[in-house]
Amino acid sequence: MEQRKIPVPAHRYTPLKQNWLQIFTPIVEHLQLQIRFNLKSRNVEIRTAPDTPDISNLQKAADFVKAFISGFEVEDALALLRLDDLFVETFEILDVKQSLKGDHLSRTIGRLAGKGGRTKFTIENVTKTRIVLADSKIHILGSYQNIQLARRAICNLILGSPPSKVYGQLRNIASRISERL
């Protein structure tokens, strides 16, 4: 009997409760695992059942729940169950540039989001990834290569490149990729 525990921070309780059926159903029906939310330890616990066909389903389910708790939409996180070459990468703004404090940090987060979330959407669309900006943490969901592209764009923004320059670089890369296909 294998088991995985995923800790749930307080601010993700409500979304977890609201989307529980959408999370619970694919894990129980398709992956044939058992799942519960342990209120005492505040963990989502997933374990194999006697009829679980593949032990790797456990890790898939754990990644799926982790992605949701990081802040991705259920639909986006579900892709982790369906496709094999998807990953979630997490890093902090301060990993890229340590000297950011106070207002500079908030300005950087603002630069990443862009006006009305436009910068974030543009990076998502060009690199075919999903991005969650959770305070100073950044989560990127996508294929390995696409995560690298999105991360490079985000790092350039953090280091102070103007969004227009980052868009230009993304556009070049995107056109090169579409030529290859």
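Shown above is the structure to which this text applies.
Scope of this entry: the structure provided in the associated data block. (Residues numbered from 1 in each chain as written. Predicted model: local features only at pLDDT ≥ 70, side-chain atom pairs only at ≥ 80, totals over all residues. Heavy atoms only, no water.)

## Digging into the layout of surface pockets
When its volume is computed, the largest pocket comes out at roughly 480 Å³. Lining the largest pocket are 24 residues, and of these D63, K66, A67, S70 and V88 sit closest to its centre. Listing elements by their share of the lining of the largest pocket, those giving two or more residues are β1 (3-7), α3 (56-70), β4 (86-92) and β6 (137-143). Top element by residues in the lining of the largest pocket is α3. It accounts for 8 residues. (1 Å grid on protein atoms, 1.4 Å probe; cavity = no way out; pocket = protein on both sides within 12 Å on 5 of 7 lines; lining within 4 Å. Points joined across faces, edges and corners; volume = space filled by probe spheres on them. Helix = DSSP H or I, 4+ residues; strand = E, 2+ residues; numbered from the N terminus.)

## Side note on the packing of helix α7 (residues 118-127) against helix α8 (residues 144-158)
The N-to-C vectors of α7 and α8 enclose an angle of 150 degrees; their axes lie 9 Å apart at closest approach. For the element pair α7 / α8, the angle class is roughly antiparallel. Crossing hand, α7 versus α8: right-handed. Residue-level inspection shows T119, I123 and T127 of α7 in contact with α8, the latter providing N146, L149, A150, A153, I154 and L157. (Axes fitted to C-alpha atoms, helices over the stretch in contact; angles between N-to-C directions. Parallel < 35°, antiparallel > 145°, perpendicular 65-115°, else oblique. Left-handed = near helix turned anticlockwise from the far one by under 90°. Contact = heavy atoms within 4.5 Å.)

## Focus: the pairing of strand β2 (residues 33-38)
Pairing geometry for β2 and strand β3 (residues 43-48), over 6 bridges, is antiparallel. Residue pairing in the sheet places N38 in a bridge with N43 of β3. In this structure, the hairpin formed by β2 and β3 is closed by a connection of 4 residues, where R42 is found at a positive phi of approximately 55 degrees. (Pairing = 2+ DSSP bridges.)

## Quick word on the sheet that holds β4
The 3 strands are arranged β4-β6-β5 in an open sheet whose pairing can be described as antiparallel. Single-partner strands in this sheet number two, and they are β4 and β5 (130-134). Pairwise comparison of adjacent strand axes, ignoring direction, gives a mean angle of 15 degrees for this sheet.

## So, the pairing of β5
Pairing between β5 and β6: 5 bridges, direction antiparallel. Of the residues in β6, the one forming a bridge with V132 is H139.

## Let's talk about the environment of G168
Along the chain, the position of G168 falls in helix α9 (residues 163-180). Sequence spacing of G168 and R111 is 57 residues, and the spatial spacing of their C-alpha atoms is 16 Å.

## Side note on the pattern of salt bridges
Under the counting rule described, the total for this entry stands at 8 salt bridges. A salt bridge links D84 to K60; the shortest N-O distance between them is 3.3 Å. Of this pair, D84 sits in the loop between α4 (74-82) and β4 while K60 sits in helix α3, and the two are 24 residues apart along the sequence. Residue E92 pairs with K137 through a salt bridge whose shortest N-O separation is 3.4 Å. Of this pair, E92 sits in strand β4 while K137 sits in strand β6, and the two are 45 residues apart along the sequence. K137 gets classed as partly exposed once you look at its relative accessible area, which sits at 36%. (Salt bridge = Lys/Arg side-chain N within 4 Å of Asp/Glu carboxyl O. Buried < 20%, exposed > 50% of the residue type's maximum accessible area, 1.4 Å probe, protein only.)

## So, the side chain of T52
Turning to its location among the elements, T52 is positioned in the loop between β3 and α3. Polar contacts involving the side chain of T52 include one to the main-chain carbonyl oxygen of Q32, which spans 2.7 Å. A polar contact is formed between the side chain of T52 and the backbone nitrogen of A49, at a distance of 2.7 Å. The residues contacting T52, other than those within four sequence positions of it, are L31, Q32 and L33. (Polar contact = N/O pair within 3.5 Å; in protein donor to acceptor, adjacent residues only side chain to side chain.)

## Description of the sheet that holds β3
Read from one edge of the open sheet, 3 strands run β1-β3-β2, paired in antiparallel fashion. Single-partner strands in this sheet number two, and they are β1 and β2. In this sheet, neighbouring strand axes are inclined to one another by 15 degrees on average, regardless of whether the strands run parallel or antiparallel. Strand contacts of α3: β1, β2 and β3, with the helix running at about 5 degrees to β1, the strand carrying the most contacts.

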